[in-house]
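Residue-level structure breakdown
Here is how the chains run, residue by residue.
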Amino acid sequence: MPTRGSARRPVPPAGEPFVVTEHPSRRVELRLERNGVPCCWDLPEGPPTARGRALPAVPTTGGNGTGLPTWDAGRYAVEQWTDDRVVVVLGGRRLHGRHVLFRSPGGGWLVRALDAPTERAPLVPMLATAGELPAPPQDSEWGYEFKWDGVRAVAVVEAGGLALRARSGTDITVRYPELTHLPEVLSGHDAVVDGEVVALDARGRPDFGALQGRMHRTGPEVRRMAADAPVTYLVFDLLAWEGESLLALPYAQRRERLEALGVGGERWVPTPWFRGGGAAVLAASRDNGLEGIVAKRLDSPYRPGLRGPDWRKVKNVRTQAVVVGGWRPGQGRRAGGVGSLLVGVHDDAGRLVYAGHVGTGFTARALEELEPLFTPAGRPPFVDALPREVTRDARWVVPELVGEVAFAAWTADGRMRHPSWRGLRDDLAPEDVVEEW
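Residues numbered from 1 in each chain as written. Predicted model: local features only at pLDDT ≥ 70, side-chain atom pairs only at ≥ 80, totals over all residues. Heavy atoms only, no water.

Going by what an unreviewed UniProt entry lists, the protein is known as DNA ligase (ATP) and is assigned to Geodermatophilus obscurus. Regarding the protein, the relevant UniProt record gives this comment under Sequence similarities (unreviewed entry): "Belongs to the ATP-dependent DNA ligase family." If you open the UniProt record of the protein and go to Catalytic activity (unreviewed entry), you find "ATP + (deoxyribonucleotide)n-3'-hydroxyl + 5'-phospho-(deoxyribonucleotide)m = (deoxyribonucleotide)n+m + AMP + diphosphate." (UniProt positions renumbered as here; feature names shortened; annotations may be inferred.)

Our next topic: the overall build of the protein. Helix and strand counts for the protein stand at seven helices and 26 strands. By the compact-globule yardstick of 22 Å for 437 residues, the protein fits well, its C-alpha radius of gyration being 23 Å. Its C-alpha atoms put the protein at 70 × 55 × 50 Å along the principal axes. Within the protein, the proportion of its 437 residues that are buried is 50%. Surface exposure of the protein reaches about 19400 Å², of which carbon and sulfur atoms provide 52%. The distance from the centre of the 55 positive side-chain charges to the centre of the 55 negative ones in the protein is 3 Å. (Helix = DSSP H or I, 4+ residues; strand = E, 2+ residues; numbered from the N terminus. Rg over C-alpha atoms; globule rule 2.2 N^0.38 Å. Buried < 20%, exposed > 50% of the residue type's maximum accessible area, 1.4 Å probe, protein only. Areas by Shrake-Rupley, 256 points an atom, 1.4 Å probe, with all protein chains shown as cover. Lys, Arg positive; Asp, Glu negative; His and termini not counted. Charge placed at Lys NZ, Arg CZ, Asp CG, Glu CD.)

Take the pairing of strand β23 (residues 395-406) next. For strand β20 (residues 319-329) and β23, the ladder comprises eight bridges, and the chain directions are antiparallel. Its bridge partner lying in β23, Gln-320 is registered against Val-405. Relative to strand β26 (residues 420-424), β23 runs antiparallel, the two sharing four bridges. By the bridge assignment, Val-405 is partnered in β26 with Trp-421. (Pairing = 2+ DSSP bridges.)

Here the domain parsing of the protein yields domain 1 (16-114), domain 2 (127-315) and domain 3 (318-432). In this structure, domain 1 and domain 2 have C-alpha centres spaced 30 Å apart. At the junction of the two partners, domain 1 supplies twelve residues and domain 2 supplies ten residues. When the two sides are added together, the surface that domain 1 and domain 2 hide from each other amounts to roughly 870 Å², 49% of it contributed by carbon and sulfur. (Domains from an automatic or database assignment. Contact = heavy atoms within 4.5 Å. Buried area = accessible area lost by both parts, 1.4 Å probe.)

What UniProt calls "domain: ATP-dependent DNA ligase family profile" (unreviewed entry) maps, in this numbering, to residues 224-347. Note that residues 224-347 is 20% helix and 42% strand, and that its end C-alpha atoms are spaced 42 Å apart.

This part takes up the pattern of salt bridges. As enumerated under the stated definition, the model contains 26 salt bridges in all. One salt bridge connects Lys-313 with Glu-436, and the closest N-O pair in it is separated by 3.4 Å. Of this pair, Lys-313 sits in strand β19 (residues 307-315) while Glu-436 is found in the segment after β26, placing the two residues 123 residues apart along the sequence. Judged by relative accessible area, which is 10%, Lys-313 ranks as buried. The network of salt bridges with common partners includes Asp-149, Glu-404, Arg-422, Arg-425 and Asp-427. (Salt bridge = Lys/Arg side-chain N within 4 Å of Asp/Glu carboxyl O.)

Summarising burial for strand β11 (residues 151-158): seven of the eight residues are buried, a large majority. With seven bridges connecting them, β11 and strand β13 (residues 191-198) associate as antiparallel partners. Bridge pairing links Val-157 to Ala-191 in β13. As paired strands, β11 and strand β12 (residues 161-166) are joined by six bridges and run antiparallel to one another. Within the sheet, the bridge partner assigned to Ala-155 lies in β12 and is Leu-164.

One open sheet accounts for five strands, arranged β22-β21-β20-β23-β26; its pairing is antiparallel. Of all the strands in the sheet, the pair left with one neighbour each is β22 (352-358) and β26. This sheet shows a mean twist of 50 degrees between the axes of neighbouring strands, independent of strand direction. (Axes fitted to C-alpha atoms, helices over the stretch in contact; angles between N-to-C directions.)

On average, residues of the protein score 85 in pLDDT, and 93% of them reach the 70 mark or higher. This model gives residues 1-14 a pLDDT under 50, and the stretch forms 37 contacts once residues within four places in sequence are excluded. (pLDDT = per-residue confidence, 0-100.)

Below, the discussion takes up the packing of aromatic side chains. Enumeration according to the criterion identifies ten aromatic pairs in this entry. On the basis of an interplanar angle of 75 degrees and a centroid distance of 5.9 Å, the ring pair of Phe-146 and Phe-274 is categorised as edge-to-face. With a gap of 128 residues between them, Phe-146 in strand β10 (residues 142-146) and Phe-274 in strand β17 (residues 274-275) connect regions that are remote in the sequence. Residue classification places Phe-146 among the buried positions, given a relative accessible area of 14%. According to the relative accessible area criterion, Phe-274 is partly exposed, its value standing at 32%. Relative to Trp-273, the ring of Tyr-251 has its centre 5.5 Å away and its plane inclined at 80 degrees; by these criteria the two rings are edge-to-face. Residue Tyr-251 is found in helix α4 (residues 251-260), and its partner Trp-273 is found in the loop between β16 (268-270) and β17; the two are separated by 22 residues along the sequence. Each member of the pair, Tyr-251 as well as Trp-273, carries the same accessibility label: buried. Here a set of aromatic residues connected by ring pairs shows up, and it is made of Phe-146, Trp-148 and Phe-274. (Phe/Tyr/Trp six-rings, centres within 6.5 Å; stacked < 30°, edge-to-face > 60°.)

It is worth spelling out the nonpolar core at this point. The biggest cluster of nonpolar side chains holds 35 residues, and the ones touching the most others in it are Val-324, Leu-341, Phe-374, Met-416 and Trp-421. Put simply, the parts of the chain that give this core at least two residues each are β20, β21 (338-346), β22, α6 (364-370), β23 and β26. Among all residues touching Met-416, those that are not within four sequence positions of it are Gln-320, Val-322, Val-343, Ala-355, Val-405, Phe-407, Ala-409 and Trp-410. Counting residues in hydrophobic clusters, the runner-up holds 27 residues, among them Leu-162, Val-193, Ala-199 and Leu-258. (Core = buried A, V, L, I, M, F, W, Y, C linked by side-chain atoms within 4.5 Å.)

This is how it looks when you write it as structure tokens:
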């Protein structure tokens, strides 16, 4: 429980540490270090990432958080700390600004963001964990969507304008000018929606390779590319409507409200979803050459930035985001350039560990475009010892580029079997890359 202290003016958040961890039991915990003593709250509905209603916060003794995924971390400054009210200035990557934890008249604790971005600011998307289909007795408690192979993006439509932001927080609006008509589709209404930017092939299936040529373009060629091969924005969640936050509503209600809008366009398409019948939806995804499905609990609220068991991705093909930590020179036609990439993922302690080398799946153009993006480094960024056959001719780079590979399986020593390069992912931050399967 909080201890009594004196109030003081806000200072830049350079004081003691805070951390938000995710627990396997669907818990999210906020931990503030206070004079060396941890003060912890369980956050059943997640942390408040936007100014709005107060969310429940349950004081707990907490643990040390070792081995648990970290959703956010940073430093905080104290503005006020009493037995019944704690006001802090957070300086994390996802949580920042003034937040208050306070005891309600009924005796329970609540947490609210005081000056964090409003609901109309871009949100960090909610994420899914990798897993299996829900058991048949629970099938009716879940909704199912196809998993789209593209770039996740939250779209904010406000005052007739559109802002698209990737999962990493990067503003990607300028890259997809063909999507700027979304405000017209919504007939002037303000909204926040969650979806996926995809490039569709001739059969109407997402083609991640075709999207690669658009992901990094911001120059004058973008409009020509948009006209020649336009992308489509597939929408699967409604997060706000005319200034009203819908995050606390159950998933099923948010989907029903999205459908009730009755809007769609050539470049803006609400995606189908199904109540129950997960095995049939998964089979349909396989038959149509899709990556898999996402199962979502019908009663689950939207928890921005959190990866929890309420959303579960079930894949037909194993894919993995990776951080590029080095490369090896090629031979034959690749002589003098990049032959293969040395990649890794972060472990539970946030350290980059080696996951294998990728030498297939590249086009000649992809290899040519990769090398100028590397920032040379003097030593390997991986914490574990690497095999001699890898290190003898390796060129190390700063681990700042994120890509995606398809692979067969994980080996006992944590390496990917038969990885094949799929492309760069500038919608992911390097520190967010962890083992997905």
